[in-house]
Amino acid sequence: MKTIGITGGTGFIGKHLTSILIDKGYDVIIFTRSPEKENPSEHIIRYALLDAGHKKCDHEALEAVDAMVHLAGAGIADKRWTDKRKEEITNSRVSGTHYLVHELKAHAHSCKVLISASATGFYGPDRTGVIPFKEDELHYTDFLAITCERWENEAKTAQDLMRTVILRFGIVLGKESGAFPEFEKSTRYGAVPILGTGKQTISWIHVDDLCHMIVYNLEHEKNKGIYNAVAPNPVTNKELMKAIGRNKKGLALPVYVPETALKVMLGEMSAEVLKSCTVSANKILGSGFTFQYPTIDEAVKQLLA
C-alpha cells in the first residue's frame, strides 16, 4: 500500500493526517472540489478533483489509490443549525459518501481499504446509569444520530469490495482548529467558562491520536467494522476547562454560562454542547492501538506547549 487518497484533506484533521502519512513514506492524493486552488509544496502530495454535488471526479487519480480515507463533510459547529444548514450537513455526508463509494467501485480497482469518518453523535445523550457506549449500540433518534446512521450505511456499501473501517470521532482537540482553540481562548483573562452545569461528559481525542488511529487501521489488515475514536478517559466539561486553566498556570476563576444563554446563542445546536455522551475506547484498545495522550492533562499540556 503506497498511495493514500484523502477526502477532506485540506481541513484540520486532513492536514495532520497528510503530514503523518508523508513522514511514513506514503504518497498522498487529496481529493477536493477545487484542486486548481492548491499549491503542492512537495511532489508526494497531489491534488485531484472530487465534487460529489456536481458528480465530477478525477478517475485517473482514483485509479492510483491503494486506500481511501474519507473525512469530507460540512462542519457540524461552523454555523447555526438552520434547516438549510442541517440539509447541508446531511447531504455532504450521506450523498457525498454515496457518490464516493460508487466512484471507488467503478474506477479505483487498486483500492483495498476505505476508512470512513463518523461521529459519536450516533449515540445521542447518555442513558440512565451512564454505561459507556460501545460500537454495537443502536443509534439515537435526534438529527445528528440519524445523520450518522445514514452516513455509516453508505460507507458500509463498500464492504463487498474492500476492507471498510468506520471511526466514530469524539470531540477532536488540536491547536489550529476544532473545539480546543475556542476553549483556550475563553480562559485568557483568568476566567474558566463552565457550560451549563459543567457535569456533562465529553468523549474527546487528541488530533495526533486520531490521525495515528487512522494510519493504524490502514496498516492492520485484521481491523474492519466500527471503532470508537475517543481517548480512554472521558472528562466532564468542568474537568476539561479546569485542565486548561491549570496548565496555563494563571488565574482560573470558574464562570458558569447558563443553559438559557447557550440556547439563545446557539439554538438547536446548544443540545450538542450541553449533552453528556460517555463513549468506550475498549474495542480499539483491544485491537492493540496505543494512545499517546490517554488523559486530558497530557493532551492539554501538549496543546498548550
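All of these numbers come straight from a predicted model, not from anything done at the bench.

Let's shift gears to the overall build of the chain. Within the chain one finds 11 helices and 14 strands. The C-alpha atoms of the chain give 19 Å as radius of gyration, which agrees with the globular expectation for 305 residues (19 Å, within 12%). Principal axes of the C-alpha set define a box for the chain whose edges measure 55 × 40 × 40 Å. When each of the 305 residues of the chain is scored for burial, the buried share is 52%. For the chain, long-range pairs separated by at least 24 residues make up 77% of all intrachain contacts whose partners lie at least 6 apart in sequence.

All right, on to the pairing of strand 2 (residues 27-32) then. Summarising burial for strand 2: five of the six residues are buried, a large majority. Looking at chain direction, strand 1 (residues 3-7) and strand 2 are connected through five bridges and run parallel. Across the sheet, residue T7 finds its bridge partner in strand 2, namely F31. Bridge count for strand 2 against strand 3 (residues 45-51) is five bridges, and the pairing is parallel. Residue pairing for strand 3: I30 is matched across the bridge by Y47.

Attention shifts here to the side chain of D209. Position of D209 among the secondary structure elements: in helix 6 (residues 207-219). Within the buried core, D209 has no salt-bridge partner, and the shortest N-O distance to an opposite charge, that of K24, equals 13 Å. From its side chain, D209 meets the backbone nitrogen of Y293 in a polar contact 2.9 Å long. With near-sequence residues (within four places) excluded, D209 lies in contact with F289, F291, Q292 and Y293.

The next thing to look at is the pairing of strand 6 (residues 113-119). Consecutive side chains along a regular strand alternate between the two faces of the sheet. Within strand 6, seven of the seven residues are buried, which leaves the element mostly enclosed by the surrounding structure. What you see with strand 6 is no split at all: V113, I115, A117 and A119 on one side and L114, S116 and S118 on the other are buried throughout. Sheet analysis places strand 5 (residues 67-70) next to strand 6, joined by four bridges and oriented parallel. What sits directly across from V69, in strand 6, is I115. Handedness of the crossover joining strand 5 and strand 6 through helix 3 (residues 83-107): right-handed. With seven bridges joining them, strand 6 and strand 7 (residues 163-169) adopt parallel strand pairing. The residue of strand 7 that forms the bridge with I115 is V165. Between the parallel elements strand 6 and strand 7, the chain passes through helix 4 (residues 143-156) in a crossover that is right-handed.

Here the focus is the packing of aromatic side chains. Applying the stated criterion across every chain, the model contains five aromatic pairs. Seen from their ring centres, Y216 and F289 are 5.4 Å apart, and the 70 degrees between their planes marks the pair as edge-to-face. In this pair, Y216 sits in helix 6 while F289 sits in the loop between helix 10 (282-286) and helix 11 (296-304), placing the two residues 73 residues apart along the sequence. When sorted by exposure, Y216 lands in the same class as F289, which is buried. Centre to centre, the rings of F289 and F291 are 5.0 Å apart; their planes meet at 85 degrees, and the pair counts as edge-to-face.

Pairing within the open sheet is mixed, and its eight strands lie in the order 4-3-2-1-5-6-7-12. Only two strands of the sheet have a single neighbouring strand rather than two, namely strand 4 (56-57) and strand 12 (225-229). Of the strand pairs in this sheet, strand 3 and strand 4 are connected by two bridges, and their pairing is antiparallel. Residue pairing in the sheet places L50 in a bridge with C57 of strand 4. Across the face of the sheet, helix 3 comes into contact with strand 1, strand 3, strand 4, strand 5 and strand 6 while running at roughly 175 degrees to strand 5. Against the sheet, helix 6 touches strand 1, strand 5, strand 6, strand 7 and strand 12, its axis set at about 165 degrees to strand 7.

To continue, consider the nonpolar core. Counting residues in each nonpolar core, the largest one holds 46 residues, and the members touching the most others are F169 and I214. When residues of this core are assigned to their parent elements, the largest contribution, eight residues, is made by helix 6. Setting aside anything within four residues of it in sequence, one finds I214 in contact with L17, V69, L71, I115, L167 and F169.

What counts, and where the lines are drawn
Residues numbered from 1 in each chain as written. Predicted model: local features only at pLDDT ≥ 70, side-chain atom pairs only at ≥ 80, totals over all residues. Heavy atoms only, no water. Helix = DSSP H or I, 4+ residues; strand = E, 2+ residues; numbered from the N terminus. Rg over C-alpha atoms; globule rule 2.2 N^0.38 Å. Buried < 20%, exposed > 50% of the residue type's maximum accessible area, 1.4 Å probe, protein only. Contact = heavy atoms within 4.5 Å. Pairing = 2+ DSSP bridges. Lys, Arg positive; Asp, Glu negative; His and termini not counted. Salt bridge = Lys/Arg side-chain N within 4 Å of Asp/Glu carboxyl O. Polar contact = N/O pair within 3.5 Å; in protein donor to acceptor, adjacent residues only side chain to side chain. Right-handed = clockwise from strand over helix to strand, strands pointing away. Phe/Tyr/Trp six-rings, centres within 6.5 Å; stacked < 30°, edge-to-face > 60°. Axes fitted to C-alpha atoms, helices over the stretch in contact; angles between N-to-C directions. Core = buried A, V, L, I, M, F, W, Y, C linked by side-chain atoms within 4.5 Å.

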